[in-house]
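# Examination of the molecular architecture
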Amino acid sequence: MGLALKDVHFTYYAGTPLAREVLRGVDLEIREGEILSLLGPSGCGKSTLLLVASGLLAPRKGALFLDGMPCGGREDFRARLREAVGILFQSPEDQLFAETVEADVAFGLRRSSLPRREARERTARALRSVGLEPSHYSPLPPFALSRGEMRRVALAGVLVREPRFLLLDEPFSGLDGEGRERLALLLHRLRSSGAGILLVTHEWEEVDLLADRAAVLHEGRLILEGEKESVLGDREGLRRAGLEPPPRVELLHLLRAGYPSLPAYVRNAEEAAERIDAVMRGGAG
Ligand code: ADP
Ligand code: MG
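Computed from a prediction, not measured in an experiment: that's the story for all the values here.

Rules behind the numbers
- Residues numbered from 1 in each chain as written.
- Chains lettered and ligands numbered in written order.
- Predicted model: local features only at pLDDT ≥ 70, side-chain atom pairs only at ≥ 80, totals over all residues.
- Heavy atoms only, no water.
- Pairing = 2+ DSSP bridges.
- Helix = DSSP H or I, 4+ residues; strand = E, 2+ residues; numbered from the N terminus.
- Axes fitted to C-alpha atoms, helices over the stretch in contact; angles between N-to-C directions.
- Contact = heavy atoms within 4.5 Å.
- 1 Å grid on protein atoms, 1.4 Å probe; cavity = no way out; pocket = protein on both sides within 12 Å on 5 of 7 lines; lining within 4 Å.
- Points joined across faces, edges and corners; volume = space filled by probe spheres on them.
- Nonpolar A, V, L, I, M, F, W, Y, C, P; charged D, E, K, R; others polar.
- Salt bridge = Lys/Arg side-chain N within 4 Å of Asp/Glu carboxyl O.
- Buried < 20%, exposed > 50% of the residue type's maximum accessible area, 1.4 Å probe, protein only.
- Donors = N, O, S within 2.8 Å, 3.2 Å for Na, K, Ca; no water.
- Phe/Tyr/Trp six-rings, centres within 6.5 Å; stacked < 30°, edge-to-face > 60°.
- Lys NZ or Arg CZ within 6 Å of the ring centre and 35° of its normal.

Our next topic: the sheet that holds strand β9 (residues 213-218). Within the open sheet, the six strands sit side by side as β6-β7-β8-β3-β9-β10. Their pairing is mixed. The strands lining the two open edges of the sheet, one partner per strand, are β6 (85-88) and β10 (221-227). Here the strands of the sheet are splayed against their neighbours by 15° on average, with no regard to which way each runs. Together, β3 (35-39), β6, β7 (165-169), β8 (196-200) and β9 form the strand contacts of helix α1 (residues 46-53), whose direction differs from that of β7 by roughly 155°. Sitting on the sheet, helix α6 (residues 147-159) is in contact with β6 and β7, with an inclination near 165° to β6.

Let us now look at the layout of surface pockets. Where empty space is left in the structure can be found by rolling a water-sized probe over the atoms. Space inside the largest pocket adds up to approximately 940 Å³. If you trace the largest pocket, you find 28 residues lining it, with F107, G108, R110, G157 and R161 closest to the centre. Secondary structure elements with two or more residues in the lining of the largest pocket: α2 (75-84), β6 and α6. For the lining of the largest pocket, the residue count by class is 15 nonpolar, six polar and seven charged. In this structure, the second largest pocket spans a volume of roughly 310 Å³. Taken together, 17 residues form the lining of the second largest pocket, with S129, L159, E162, L190 and S193 sitting closest to its centre.

Moving on, we get to the sheet that holds strand β1 (residues 2-12). Taken in spatial order, the four strands make up an open sheet running β2-β1-β4-β5, and their pairing is antiparallel. Of all strands in the sheet, those bounded by a partner on one side alone are β2 (20-31) and β5 (69-71). Each adjacent strand pair in this sheet contributes to an overall mean axis angle of 30°, direction not counted. Looking at chain direction, β1 and strand β4 (residues 61-66) are connected through five bridges and run antiparallel. Bridged to A4 within β4 is F65. Packed on one face of the sheet, α1 meets β1, β2 and β4 and runs near 120° to β1.

Before going further, it helps to examine the pattern of salt bridges. A side chain with one charge can pair with a side chain of the opposite charge if their charged atoms come near. The tally for this structure, following the rule as stated, stands at 23 salt bridges. For D67, the salt bridge identified is with R164, shortest N-O distance 2.9 Å. Of this pair, D67 sits in the loop between β4 and β5 while R164 sits in the loop between α6 and β7, placing them 97 residues apart in sequence. You can call R164 partly exposed: its relative accessible area is 28%. A salt bridge links R239 to E250; the shortest N-O distance between them is 2.9 Å. A residue pair is termed long-range when its members are at least 10 positions apart, and R239 in helix α10 (residues 235-240) and E250 in helix α11 (residues 247-256) qualify at eleven residues.

Protein coordination at the magnesium ion (ligand 2) comes from S47 (OG) and Q90 (OE1), with a distance range of 2.1 to 2.8 Å. You can see S47 sitting in helix α1 and its partner Q90 sitting in the loop between β6 and α3 (101-106), a full 43 residues away along the chain. A residue is classified by how much of its surface remains accessible, and S47, at 27% relative accessible area, is partly exposed.

The next thing to look at is the side chain of T123. On the secondary structure map, T123 appears in helix α4 (residues 116-129). Overall, the relative accessible area of 2% leaves T123 in the buried class. Look past the residues within four positions of T123 in its chain and what remains in contact with it is E102, V105, A106, L109 and V160.

What follows deals with the packing of aromatic side chains. A ring pair, where both rings are aromatic, is described by two values, the distance of the centres and the angle of the planes. Applying the stated criterion across every chain yields a total of two aromatic pairs. Look at F10 and Y12: their rings are 4.9 Å apart centre to centre, the planes differ by 85°, and that puts the pair in the edge-to-face class. On the accessibility criterion, Y12 (29% relative accessible area) is partly exposed. Ring plane angle 85° and centroid distance 5.0 Å describe the contact between F97 and F107, whose orientation is recorded as edge-to-face. Taken together, the positions of F97 in the loop between β6 and α3 and F107 in the loop between α3 and α4 put the pair ten residues apart, joining distant regions of the chain. On the basis of relative accessibility, which here comes to 38%, the residue F107 falls in the partly exposed class. Here the guanidinium or amino end of K6 rests over the ring plane of F65, the centre of that ring lying 4.5 Å away.

See the structure below:
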């Protein structure tokens, strides 16, 4: 079960002198119960890919598939996509607009035909899931909250629809340590409950901590895709895409000239130290 892009092409201002081809044949599948990290330098088309995957932009060529069924063209398929996929835009707190937190979150349900009571319950549940106690936060005006709290309100506005797939555009950027930790825990929990998450992020730390798989976008195509370990350990590939590999990966690369049994990727500095210590002592590495 998954959300798949097959040979997706997208061009801004197609057919005009301003035409800019941003996606040139992207194949990608987000599976239920996993976090897939989408990487690539600024301007490479990550946000555009999310907009296409959410059905907000139509591909110029190629198609989207939900659980193997094509979506697009026909209205009922687009409706299925809207129902299954939730997107959190970059800096979503800038888009909060309602007078209260509750109204902002409930806006996500405007198209649903839920009875009012159930809508209120779902709204409260969504707020609780992002760690905001509804009895306190519901009546507050969003602009009175901290940036981290506003971000969580925006996320609740996506989660309230209970989408199976979540597309998150740099959700960690601008959050402080506590905000990051909370968000990381929430993403863990959502994955455990079966959500498929496409996570755009610039931070290796979040990829190390959260991702199951990773994909790297370069000049409109995915040039790397696979298990996190193999993508993050591919320093040449990352370089080719204009990304600076994690410093640990550089260090291991240099050491591997003398100690070939060292891995290309480790998750953090502690693991690096352990592995290096083991080979230095003549262990198995
Ligand atoms: P990323 O999220 O990886 O930084 P984007 O998807 O935002 O990249 O942008 C990819 C390219 O498309 C950039 O060159 C950007 O300038 C261009 N672009 C993005 N949005 C628009 C738009 N609405 N109209 C025209 N060009 C756009
Ligand atoms: Mg972007």
